Amino acid sequence: MAHSPQTPAESMDNQQQPAAESDQPTEAPLRRPAAVREINYRHSAQFVPLLEHLGCSLLVSTYAAGKVVSIGASGGRLHLGFSNFQQAMGIAPPHQAVKPGGVTTSSIAVGGPNVIWVLRDGGALAPQVDPAGAYDRAFLARESFVTGNIHVHEMQWGDDGQLWIVNTLFSCLSTLHEEFNFVPRWQPPFISQLAPQDRCHLNGMAMQHGKPRYVSALGESDAPRGWRDNKSAGGVLIDVASGHTIARGFCMPHSPRMHGGRLFLLDSGRGKLVTINRQSGRAEDVASYPGYGRGLAFHDRYAFVGMSRARETSVFGGVPICEDRSAMRCGVVVIDWMTGQSLAFVEFETGVEELFDVQVIAGSRRTVLCGPYPREDEQRPVWVVPREDQVDAIVDGGEGVCVQRNQIC
């Protein structure tokens, strides 16, 4: 069983860094008067070497703080970047799609309270983002879609390029369409109608072969917010294809994932990473961690688990992990899921209390998000434009024109 990732013997000296003094440029002309959220963090001695060894970086959403944090490592140092997205929730990890004309694009999506943002991979532009040479991957805000406040939770791209959304308020899985706020595609069989009542608190989604396969919910209620009546043991895991509930008895579960032929789940209210036998429904503990679990991503044998401190609200009353709030941590712990050992962590000591999603960006040591609010992010604005010799072809050629995005103004 895992040891607590906050063990003092594993810790480096605290590294404190306010969001207003992150790795992004902070020239005075880009500032505007605003309240500064000071975010202090620390990490274990193993966290940076592990990220460098894996050659990956992380994206973490912090919905109460309203930011997506990019976490990378290079040159023996940890680098954190903060991008403003109001109440950031689910992050759909990079997905490649072929556009008309054979153009291949890669996108991520970030869900908020009323809107979903789509950011496209900048490709060769990444090293040009200020400070030049710092980043090897960049995602640039390109589109937004107004859903209304449907309580977006997890999101994933399907193999057909559609964005699948856990629509918690309407207790369904949804996709997007330009004529509608959302298109309901699936509901648990025990939900009798489409209504904005958060009946079962549907929250997590595991994909298999490019389609939703399993979902997590906090209860099997068909009454408005009825999941609250048995939150300590009413959590379930549901097979989307059959509609059958394959496992029960979890405490506020989140983030089901398929990886390495296994089905994983965060038994959030108990602070446990578990695996589920899909035939028997039996849950087996993999590891424990000192926080309320939300957000789970994998890279080979390593599981990256998001931890949160519980809010002082009635929602968390009677939840086992909240019995000792002083022991709870907010951050990301890395677990070897084959042995159950906690290997490394990064912890937010102040400024961030709750995480929602964690995604691994494979093959990138430092990823930057050029989001919709560059001034708030204290970034230099980025405009991507075609070369002069491409303009006529774009205007006259319409769809199918391949634009070489190789110029930043």
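Above this note sits the structure.
Cut-offs applied
Residues numbered from 1 in each chain as written. Predicted model: local features only at pLDDT ≥ 70, side-chain atom pairs only at ≥ 80, totals over all residues. Heavy atoms only, no water. Salt bridge = Lys/Arg side-chain N within 4 Å of Asp/Glu carboxyl O. Helix = DSSP H or I, 4+ residues; strand = E, 2+ residues; numbered from the N terminus. Buried < 20%, exposed > 50% of the residue type's maximum accessible area, 1.4 Å probe, protein only. Pairing = 2+ DSSP bridges. Axes fitted to C-alpha atoms, helices over the stretch in contact; angles between N-to-C directions.

**Considerations on the pattern of salt bridges**
Logical step 1: Counted by the stated rule, this structure contains 18 salt bridges.
Logical step 2: Residue Glu-349 is joined to Arg-42 by a salt bridge in which the shortest nitrogen-to-oxygen separation is 3.7 Å. Of this pair, Glu-349 sits in strand β25 (residues 341-350) while Arg-42 sits in strand β2 (residues 40-43); the two residues are 307 residues apart in sequence, bridging distant segments of the chain.
Logical step 3: A relative accessible area of 9% means that Arg-42 is categorised as buried.
Logical step 4: The network of salt bridges with shared partners includes Arg-42, Arg-309, Arg-329, Glu-347, Glu-349 and Glu-353.

**As for the sheet that holds strand β21 (residues 283-288)**
Neighbouring strands of a sheet are bound in pairs by backbone hydrogen bonds; such pairs are parallel or else antiparallel.
Logical step 1: Across the sheet, 4 strands lie side by side as β18-β19-β20-β21; this open sheet has antiparallel pairing. Every interior strand has two partners, whereas the edge strands, β18 (254-259) and β21, have only one. Looking at each pair of strands side by side, their axes are set apart by 25° on average, direction ignored.
Logical step 2: Alignment of strand β19 (residues 262-267) against strand β20 (residues 272-276), held across 5 bridges, turns out to be antiparallel. Within β20, the position partnered with Leu-265 by the bridge is Val-274.

**What about unusual backbone geometry?**
Logical step 1: The residue after Asp-130, namely Pro-131, is reached through a cis peptide bond having omega 0°.
Logical step 2: Despite not being glycine, His-201 has its phi angle at roughly 50°, a positive value.
Logical step 3: As for its placement among the helices and strands, His-201 is situated in the loop between β13 (180-186) and β14 (202-208).
Logical step 4: With relative accessibility at 13%, the residue His-201 sits in the buried group.
Logical step 5: The backbone phi angle of Asp-300 is positive, close to 60°, even though this residue is not glycine.
Logical step 6: Relative to the elements of secondary structure, Asp-300 occurs in the loop between β22 (292-299) and β23 (302-308).

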